Amino acid sequence: MRNTTRYPVDGANSLWHVYKTVPFWKVVRNFIVIQLARYTPFLSMKNWLYRTFLGVEVGEQTSFALMVMLDVMFPEKISVGRNTVIGYNTTILAHEYLIKEYRLGNVVIGNEVMIGANSTILPGIMIGDGAIVSAGTLVHKDVPPGCFVGGNPMRVIYTKEELEERWAEDPIYRNVKKSGHT
């Protein structure tokens, strides 16, 4: 289940109340930084921009592909571990504005996680170390460590144990567990 905090609103839908929930100039700054990062091909520069100007926790050797869209209003609620890959055009949200309420939730992505292209991660999600998220997945619930998930709605395709079994004879992945990785 997603871990979000709910905030009710009166009158118009919650998006009409947006600048009561987050300062306008913060959104402008975040938008500019995110747009710069989306188009830069320099991975270390993206990570520096995210850490320095947005307050995102970004682990060493983490890679954000082109066009990744971080939450423009609450990027400081996003944490990504080390040596993780966030695929092309993925969206990571820490907020959702609804009719009668808005919700905020931290997004925690572990170490050595692979997020496939065009995925969407909703607020309040935790993705465990070594997990793999297939391209085009809507991540609407937590992902256990080492699992391979995919689809819309997202489902577990392989558990950690099933994935280890599948990779036992693979020349690249068979030594992953032995070398201390997930």
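All of the points below concern the structure found in this document. Note that the coordinates shown come from a computational prediction; the quantities given were computed from them, not determined experimentally.

**Some points on the overall build of the protein chain**
Then comes step 1: Looking only at helices and strands, the protein chain has four helices and 17 strands in total.
Then comes step 2: For 182 residues, the compact-globule formula gives about 16 Å, and the C-alpha radius of gyration of the protein chain, at 17 Å, lands near that figure.
Then comes step 3: With the C-alpha coordinates aligned to their principal axes, the bounding extent of the protein chain is approximately 60 × 35 × 20 Å.
Then comes step 4: Residues counted as buried form 44% of the 182 residues belonging to the protein chain.
Then comes step 5: Put simply, 37% of the contacts in the protein chain that link residues at least 6 apart link residues at least 24 apart.

**Remarks on unusual backbone geometry**
Then comes step 1: Of note, the amide linkage connecting Asn152 to Pro153 takes the cis form, showing an omega dihedral of 5°.
Then comes step 2: With phi around 60°, Gln61 is a residue other than glycine that occupies positive phi space.
Then comes step 3: Topologically, Gln61 is positioned in the loop between strand E2 (57-58) and strand E3 (63-64).
Then comes step 4: Gln61 gets classed as exposed once you look at its relative accessible area, which sits at 63%.
Then comes step 5: The phi dihedral of Asn83 falls on the positive side, at around 55°, and the residue is not glycine.
Then comes step 6: In this fold, Asn83 is placed in the loop between strand E5 (78-80) and strand E6 (85-86).
Then comes step 7: For Asn83, a relative accessible area of 36% corresponds to the partly exposed category.

**Quick word on the packing of helix H2 (residues 24-39) against helix H3 (residues 43-54)**
Then comes step 1: Orientation of H2 relative to H3, taken along the N-to-C sense of each, is 170°, at an axis distance of 9 Å. As the angle between them shows, H2 and H3 are arranged roughly antiparallel. Here H2 contributes Arg29, Asn30, Val33, Ile34, Leu36, Ala37 and Arg38 to the contact with H3, which in turn contributes Lys46, Leu49, Tyr50, Phe53 and Leu54.
Then comes step 2: Partitioning the contact of H2 with H3 into residue classes produces eight nonpolar, one polar and three charged.

**Examining the side chain of Thr84**
Then comes step 1: Tracing the chain through its elements places Thr84 in the loop between E5 and E6.
Then comes step 2: With relative accessibility at 0%, the residue Thr84 sits in the buried group.

**Quick look at the sheet that holds strand E8 (residues 95-97)**
Then comes step 1: The three strands lie next to each other as E1-E9-E8, forming an open sheet whose pairing is antiparallel. Looking at which strands have only one partner, the edges of the open sheet turn out to be strand E1 (5-8) and E8. Each adjacent strand pair in this sheet contributes to an overall mean axis angle of 15°, direction not counted.
Then comes step 2: In the sheet, E8 pairs with strand E9 (residues 101-104) via three bridges, with the strands oriented antiparallel.

Thresholds applied
Residues numbered from 1 in each chain as written. Predicted model: local features only at pLDDT ≥ 70, side-chain atom pairs only at ≥ 80, totals over all residues. Heavy atoms only, no water. Helix = DSSP H or I, 4+ residues; strand = E, 2+ residues; numbered from the N terminus. Rg over C-alpha atoms; globule rule 2.2 N^0.38 Å. Buried < 20%, exposed > 50% of the residue type's maximum accessible area, 1.4 Å probe, protein only. Contact = heavy atoms within 4.5 Å. Axes fitted to C-alpha atoms, helices over the stretch in contact; angles between N-to-C directions. Parallel < 35°, antiparallel > 145°, perpendicular 65-115°, else oblique. Nonpolar A, V, L, I, M, F, W, Y, C, P; charged D, E, K, R; others polar. Pairing = 2+ DSSP bridges.

All quantities given are derived from atomic positions and should not be read as evidence of function.
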